[in-house]
Amino acid sequence: MLEFRPGIYRGGELYELPRPVRSVRLQEGWDFEQFKVPLRDGDKVTGHSRRGVEILLEGEVGSQGGTLKISEAEMLETILELRALLDVDDDGSKYSLILYRDLEADVYRRFKKCTTVEFEYDLSQPQLFTYSLIVHAEDPVIYQTDPNAD
């Protein structure tokens, strides 16, 4: 059974995003050329192709990987670990963004070839840190695969 369990898969390792993840929004778009003939009603659109996908996630650092993060120090360590994991400096460091997992069948719904666009975190509430993350997936397909499939 598929469960909503967002995470980062990189270098053979799966890192679950700190939870709870309160919001996941996907922005998809298409490119095309639009032509207009003067003095003629309407226009012509051609060359549709999908762009990459922007994935916007918002969450809190209440737990990570099934372990509660109660103290300020534990939450900070979790944020710093995620910050390091999200750093992409070349094609070899791109990652997969997991959205759903089926633990029994070992099947994932994920985007491949992902890079980090923005990572924002709020450390001002010592009871519960929050974060937002914008990820760009070059490939617009949501794959259903095992974690090691490229």
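Residues numbered from 1 in each chain as written. Predicted model: local features only at pLDDT ≥ 70, side-chain atom pairs only at ≥ 80, totals over all residues. Heavy atoms only, no water.

Q: Is there a simple way to explain the overall build of the chain in this structure?
A: Broken down by element type, the chain carries one helix and 11 strands. Taking 15 Å as the expected radius of gyration for a compact globule of 150 residues, we find that the chain reaches 19 Å, considerably beyond that expectation. In terms of overall dimensions, the chain has a C-alpha envelope of 70 × 40 × 30 Å along the principal axes. When burial is assessed residue by residue, the chain has 35% of its 150 residues classed as buried. Of the contacts made within the chain by residues no fewer than 6 positions apart, 64% connect residues no fewer than 24 positions apart. About 9,100 Å² of surface is accessible on the chain, with carbon and sulfur atoms providing 48% of the total. (Helix = DSSP H or I, 4+ residues; strand = E, 2+ residues; numbered from the N terminus. Rg over C-alpha atoms; globule rule 2.2 N^0.38 Å. Buried < 20%, exposed > 50% of the residue type's maximum accessible area, 1.4 Å probe, protein only. Contact = heavy atoms within 4.5 Å. Areas by Shrake-Rupley, 256 points an atom, 1.4 Å probe, with all protein chains shown as cover.)

Q: Please explain helix 1 (residues 72–85) as it appears in this structure.
A: Helical geometry: 3.6 residues make up each α-helical turn, so side chains three or four residues apart lie on a common side. Taking 1.5 Å of rise per residue, the 14 residues of helix 1 would be expected to cover 20 Å, and the 20 Å separating its terminal C-alpha atoms lies within 8% of that figure. Met 75, Thr 78, Ile 79 and Leu 82 are the residues of helix 1 that are buried. Seen end-on, helix 1 carries its buried residues on one side only, within an arc spanning 95°. Turned more than 90 degrees away from the buried face of helix 1 sit Ala 73 and Ala 84, all of them exposed. Contact partners of the buried residues in helix 1: strand 2 (13–16), strand 6 (53–64), strand 9 (107–122) and strand 10 (130–137). (Expected span 1.5 Å × (residues − 1). Arc of directions from axis to C-beta.)

Q: Help me understand the pattern of salt bridges, please; the structure alone is not making it clear to me.
A: Pairing between side chains of opposite charge can happen when their charged atoms approach one another. Overall, the coordinates contain eight salt bridges when judged by the stated rule. Measuring nitrogen to oxygen at the nearest pair gives 4.0 Å for the salt bridge that ties Arg 25 to Glu 58. Taken as a pair, Arg 25 in strand 3 (residues 19–27) and Glu 58 in strand 6 lie far apart in primary sequence, 33 residues in all. By relative accessible area, Glu 58 is classed as partly exposed at 30%. Two residues, Asp 31 and Arg 51, come together in a salt bridge whose shortest N-O distance is 3.1 Å. A residue pair is termed long-range when its members are at least 10 positions apart, and Asp 31 in strand 4 (residues 30–35) and Arg 51 in the loop between strand 5 (44–50) and strand 6 qualify at 20 residues. Assessed through its relative accessible area of 36%, Asp 31 is described here as partly exposed. Members of the salt-bridge network, linked through shared partners, are Glu 3, Arg 5, Glu 16 and Arg 101. (Salt bridge = Lys/Arg side-chain N within 4 Å of Asp/Glu carboxyl O.)

Q: Can you walk me through unusual backbone geometry in this structure?
A: With glycine set apart, most residues show a phi of negative sign, and most peptide bonds adopt trans. For the bond from Arg 19 to Pro 20, the omega torsion is 5°, close enough to zero to count as cis. Looking at where Pro 20 falls in the secondary structure, it is placed in strand 3. Not every positive phi belongs to a glycine, and Leu 39 is a case in point at roughly 65°. By the secondary structure assignment, Leu 39 is in the loop between strand 4 and strand 5. We classify Leu 39 as exposed; its relative accessible area is 93%.

Q: Whenever I open this one, the packing of aromatic side chains confuses me. Can you help?
A: Aromatic ring pairs are defined here through the distance separating the ring centres and the angle between the ring planes. Under the definition given, this model contains three aromatic pairs. Aromatic pair Phe 119 and Tyr 121: ring centres 4.9 Å apart, planes at 40°, arrangement tilted. The exposure class assigned to Phe 119 is buried, which follows from its relative accessible area of 18%. For Tyr 121, a relative accessible area of 29% puts it in the partly exposed group. Taken together, the aromatic side chains of Phe 119, Tyr 121 and Tyr 131 make up a single cluster linked through ring pairs. Geometry around Tyr 143 places Lys 112 over its ring, the cationic atom sitting 4.1 Å from the centre. (Phe/Tyr/Trp six-rings, centres within 6.5 Å; stacked < 30°, edge-to-face > 60°. Lys NZ or Arg CZ within 6 Å of the ring centre and 35° of its normal.)

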